[in-house]
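# Topology and contacts: notes
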Amino acid sequence: NAGVTQTPKFRILKIGQSMTLQCTQDMNHNYMYWYRQDPGMGLKLIYYSVGAGITDKGEVPNGYNVSRSTTEDFPLRLELAAPSQTSVYFCAARISDTQYFGPGTRLTVL
Amino acid sequence: QKEVEQNSGPLSVPEGAIASLNCTYSDRGSQSFFWYRQYSGKSPELIMSIYSNGDKEDGRFTAQLNKASQYVSLLIRDSQPSDSATYLCAVTYMRFGAGTRLTVKP
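Residues numbered from 1 in each chain as written. Chains lettered and ligands numbered in written order. Predicted model: local features only at pLDDT ≥ 70, side-chain atom pairs only at ≥ 80, totals over all residues. Heavy atoms only, no water.

## A look at the nonpolar core
Residue and element names in this part refer to chain B. Selection criterion: What we call a nonpolar core is a set of buried Ala, Val, Leu, Ile, Met, Phe, Trp, Tyr and Cys residues that are connected through their side-chain atoms within 4.5 Å. Here the term buried applies to any residue with accessible area under 20% of the maximum for its type, exposed to any over 50%, and partly exposed to those in between, with areas from a 1.4 Å probe on protein chains only. Helix and strand definitions follow DSSP, with helices as H or I runs of at least four residues and strands as E runs of at least two, each counted in order from the N terminus. We call two residues contacting when some pair of their heavy atoms lies within 4.5 Å.
Judged by nonpolar contacts, the single largest core of 23 residues is most densely connected at F33, W35, V72, L74, I76, Y87 and L102. Listing elements by their share of this core, those giving two or more residues are β3 (19-25), β4 (33-38), β5 (45-50), β7 (61-66), β8 (71-76), β9 (85-91) and β11 (100-105). Setting aside chain neighbours within four positions, we find V72 in contact with L21, N22, C23, F33, W35, I50, Q64, L65 and C89.

So, in structure tokens, the structure goes:
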């Protein structure tokens, strides 16, 4: 997980609350990604960014928003949390063909 | 719907054996393919990338790609207990399979 940090590690939200998952990389990579991983499943792409100021939707963007004001930071915003958003969230940064993943944030919505 | 399919397993092999992991994909135009290893409770880490038809070897790992059949596989030779993990197939950086859980028994 060297170079990509995520906070918090764990969080419990109540239905309807909002929060921001933080992701920071110190490798100066342009490409960054947010995925969610439900139990026993692969990763699903939520949003990605090809550089500061440029973001685009992935496969499952509904209920989430992102911003990329700097190369280093790529926060993921959850608005009006729902139980369906209970998951493990991974941020990744990529250079060439190698993605480096953060340690993940385990989110539970009750 | 562009899909990536993997046998969910679990796959169990004895130590020293060859483990074979398979993946099929639906998007015929895909150009890049990846295998990741994920230990329980940890984040994925890249093992292999492959872009051209044929085999690509890296140590005990061999990735095989057949674009005509829309099939990519990963072979792990001389499997070790430390190889026990879930292996994720990815097509580009956009779509991942559900993963195959591999257990290597001493």
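Once the structure has been displayed, the description carries forward.
## Some thoughts on the environment of B:L74
Residue and element names in this part refer to chain B. Note on placement: L74 falls in strand β8. In this structure the C-alpha to C-alpha distance between L74 and E57, which are 17 residues apart in sequence, comes to 9.7 Å. Dropping the residues within four chain positions of it, L74 is found in contact with A19, S20, L21, W35, I47, M48, F61, T62, A63 and Y87.

## A short note on the packing of aromatic side chains
In plain terms, the rule: Two rings from Phe, Tyr or Trp (for Trp, the six-membered ring) form a pair when their centres sit within 6.5 Å of each other. Planes less than 30 degrees apart are called stacked, planes more than 60 degrees apart edge-to-face, and all others tilted. Working rule: Lys NZ or Arg CZ, within 6 Å of ring centre, within 35 degrees of ring normal, means a charge sits over the ring.
Scanning all chains against the criterion turns up 13 aromatic pairs over all chains. Considering the side-chain rings of A:Y35 and B:F96, the 5.3 Å spacing of their centres and the 80 degrees angle between planes classify their relative orientation as edge-to-face. Pair noted here: A:Y35 is in strand β4 (residues 31-37) and B:F96 is in strand β10 (residues 95-96), and the two residues belong to different chains. Chaining the aromatic ring pairs together yields one cluster made of A:Y33, A:Y35, A:Y48, A:F90, A:F101, B:F34, B:Y36, B:Y51, B:Y93 and B:F96. If you follow A:R68 out to its NZ or CZ, it ends over the ring of A:F74, 5.9 Å from the centre. We note B:R60 situated over the ring of B:F61; from NZ or CZ to the ring centre the distance is 5.5 Å.

## Things to note about a nonpolar patch on the surface
Just so we agree on the cut-off: Like-charged residues are merged into a patch within 9 Å and nonpolar side chains (Val, Leu, Ile, Met, Phe, Trp, Tyr) within 5 Å, provided each residue has over 30% relative accessible area and no salt bridge. Computed with a 1.4 Å probe, the accessible areas rest on the Shrake-Rupley method; for each residue, only the protein chains presented here act as cover. Salt bridge criterion: a side-chain nitrogen from Lys or Arg within 4 Å of a carboxyl oxygen from Asp or Glu.
Together, A:Y31, A:V50 and A:I54 make up an exposed nonpolar region whose accessible area comes to about 230 Å². Topologically, A:I54 is positioned in strand β6 (residues 54-57).

## Describing the sheet that holds β8(B)
Note on sheets: strands pair through backbone hydrogen bonds, and any given pair is parallel or antiparallel. Residue and element names in this part refer to chain B. The test is simple: We treat two strands as partners when DSSP finds at least two bridges between them. The angle between two axes is taken between their N-to-C directions and runs from 0 to 180 degrees, where each axis is a line fitted to C-alpha atoms and a helix contributes only its stretch in contact.
Pairing in this open sheet of 5 strands is antiparallel, and the strands run β1-β3-β8-β7-β6 from one edge to the other. In the strand order of this sheet, the two ends are held by β1 (4-6) and β6 (54-58), each with one partner. When the angles between neighbouring strand axes are averaged without regard to direction, this sheet yields 20 degrees. Pairing between β7 and β8: 6 bridges, direction antiparallel. If you follow L65 over to β8, its bridge partner there is V72.

## Considerations on the interface of chain A and chain B
In many reports, interface size means the accessible area that the parts give up when they come together. Under the convention used in this document: Polar contacts, as used here, are pairs of N or O atoms within 3.5 Å; protein pairs need one atom able to donate a hydrogen and one able to accept it. Residues neighboring in sequence count only if both atoms are side-chain atoms. Residues are grouped as follows: nonpolar covers Ala, Val, Leu, Ile, Met, Phe, Trp, Tyr, Cys and Pro; charged covers Asp, Glu, Lys and Arg; every other residue, Gly included, is treated as polar.
Taken together, the 20 residues of chain A in the interface contact 17 residues of chain B. Connecting chain A to chain B are 1 salt bridge. Two residues, A:E59 and B:R95, come together in a salt bridge whose shortest N-O distance is 3.1 Å. Taken together, the connections running from chain A to chain B amount to 8 residue pairs in polar contact (both at pLDDT 80 or more). Partitioned by chemical class, the residues of the side of chain A that touches chain B number 9 nonpolar, 8 polar and 3 charged.

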